[in-house]
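# Residue-level structural notes
Next come the chains, spelled out residue by residue.
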Amino acid sequence: MSDELDDLYRETILDHTKRPRNFRALTDANRTADGYNRLCGDKLKLFVKLEGDVIKDIAFQGSGCSISTASASMMTEALKGKRLADVQHLFDEFHQVVTGPPDEMPDIPEDLGKLAAFAGVRKFPVRVKCATLSWHTLQAALKDDHKPVSTE
Ligand code: ZN
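Worth saying up front: this structure is predicted, and the values here are computed from it rather than measured.

## Let's talk about the environment of V54
Tracing the chain through its elements places V54 in strand β3 (residues 54-63). On the basis of relative accessible area, V54 is assigned to the buried category, the value being 17%. C-alpha separation for the pair V54 and V121, spaced 67 residues apart in sequence, amounts to 29 Å. What V54 contacts, discounting residues up to four positions off in sequence, is K49, G81, K82 and R83.

## Considering the nonpolar core
Nonpolar side chains in soluble globular proteins generally cluster together in the buried interior. Core analysis: the biggest nonpolar cluster contains 39 residues, and V48, L79, F94, F118, W135 and L138 have the highest contact counts within it. No other element matches the 8 residues that helix α4 (residues 125-143) contributes to this core. Beyond its immediate chain neighbours, meaning those up to four positions away, F94 contacts S71, L112, L115, F118, A131, T132 and W135.

## Some remarks on helix α3 (residues 84-99)
Between its first and last C-alpha atoms α3 spans 22 Å; for 16 residues at 1.5 Å apiece the expected length is 22 Å, and the two agree. Buried residues of α3: V87, L90, F91, E93, F94, V97 and V98, and no others. Contact partners of the buried residues in α3: β3, α2 (66-79) and α4.

## What about the coordination of the zinc ion?
At the metal site, the zinc ion is ligated by C40 (SG), D42 (OD), D42 (OD), C65 (SG) and C130 (SG), and these contacts range over 2.2 to 2.6 Å. Taken in sequence order, the residues that donate to the zinc ion follow the motif C-x1-D-x22-C-x64-C. Residue C40 is located in the loop between β1 (31-37) and β2 (42-51), and its partner C130 is located in helix α4; the two are separated by 90 residues in the primary sequence. Judged by relative accessible area, which is 1%, C130 ranks as buried.

## Let's talk about the pattern of salt bridges
Summed over all chains, the structure comprises 11 salt bridges. Note that D57 is salt-bridged to R24, the shortest N-O span being 3.5 Å. Taken as a pair, D57 in strand β3 and R24 in the loop between α1 (3-18) and β1 lie far apart in primary sequence, 33 residues in all. Here E51 and K49 are joined by a salt bridge, their closest N and O atoms 3.8 Å apart. Among the residues examined, E51 registers a relative accessible area of 41% and is labelled partly exposed. On the basis of relative accessibility, which here comes to 24%, the residue K49 falls in the partly exposed class. Here the salt bridges do not stand alone but share partners, grouping D15, R19, R21, E77 and K114 into one network.

## Looking at the sheet that holds β3
Either a parallel or an antiparallel arrangement is found when strands of a sheet pair, and the pairing is made through backbone hydrogen bonds. Within the open sheet, the 4 strands sit side by side as β3-β2-β1-β4. Their pairing is mixed. With one partner strand each, in any of the chains shown, β3 and β4 (149-150) form the two edges of the open sheet. Both β2 and β3 contribute to a ladder of 9 bridges, which runs antiparallel. Residue pairing for β3: K45 is matched across the bridge by Q61. Docked against the sheet, α2 engages β2 and β3, running at close to 165° with respect to β3. Across the face of the sheet, α4 comes into contact with β1, β2, β3 and β4 while running at roughly 150° to β1.

Quick notes on the rules
Counting of residues starts from 1 at the beginning of each chain's written sequence and follows it residue by residue. Local features in a predicted model are, by the rule used here, given only for residues with pLDDT of at least 70; side-chain atom pairs are given and counted only at 80 or more, and totals for whole chains, interfaces and linings are based on all residues. The side-chain values count all of the structure's non-hydrogen atoms but skip hydrogen atoms and water molecules. Each helix is a run of DSSP H or I of at least 4 residues and each strand a run of E of at least 2, with the numbering of both proceeding from the N terminus. The cut-offs for exposure are 20% and 50% of the maximum accessible area for each residue type, with area from a 1.4 Å probe on protein chains only; residues under the lower value are buried, those over the upper are exposed, and the others partly exposed. By definition in these notes, contact holds between two residues if any of their heavy atoms fall within 4.5 Å. The nonpolar core is taken to be a set of buried Ala, Val, Leu, Ile, Met, Phe, Trp, Tyr and Cys residues, with the residues joined through side-chain atoms within 4.5 Å. Helices are assigned an expected span. That span is 1.5 Å times one less than the residue count. Counted as coordinating are nitrogen, oxygen and sulfur atoms within 2.8 Å of the metal, or 3.2 Å for Na, K and Ca, while water is not included, which may make sites look incomplete. We define a salt bridge as a contact between a side-chain nitrogen of Lys or Arg and a carboxyl oxygen of Asp or Glu at a distance within 4 Å. A pair of strands counts as paired when DSSP detects no fewer than two bridges linking them. Every angle, taken between N-to-C directions, lies between 0 and 180 degrees, and every axis is a line fitted to C-alpha atoms, over only the stretch in contact when it is a helix.

Set out below in structure tokens:
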């Protein structure tokens, strides 16, 4: 990855850390789940308003490091209005990009959009769980699974 792109990604993550999008409770959510990353101390609660197979609205609250906050913020932004099949597709792509071999940079699928900013996380294995916490919590919410998600 070029340094320029690296800087752009860093700025994107910083922006979402400072001003997280969709950071609120959804009073009309019909799916919720709690996630906790013990390794770092990241906590989040995810709210989803699912209508049929479309995510009508999605929001989160919680406290965590910059990576986990930015990841949740960008995930909610990316998934609002998406169908579940597309959500699963994005989850798979995101997971692949973030958890690949640390010494290799991935080919970034185009539809990943801004979420590609997290590709660099693979170089820091301890940060991978910060980046994927919101996504694992989302999976639990969609399954309507009320057991708190732990990243272990
Ligand atoms: Zn973290």
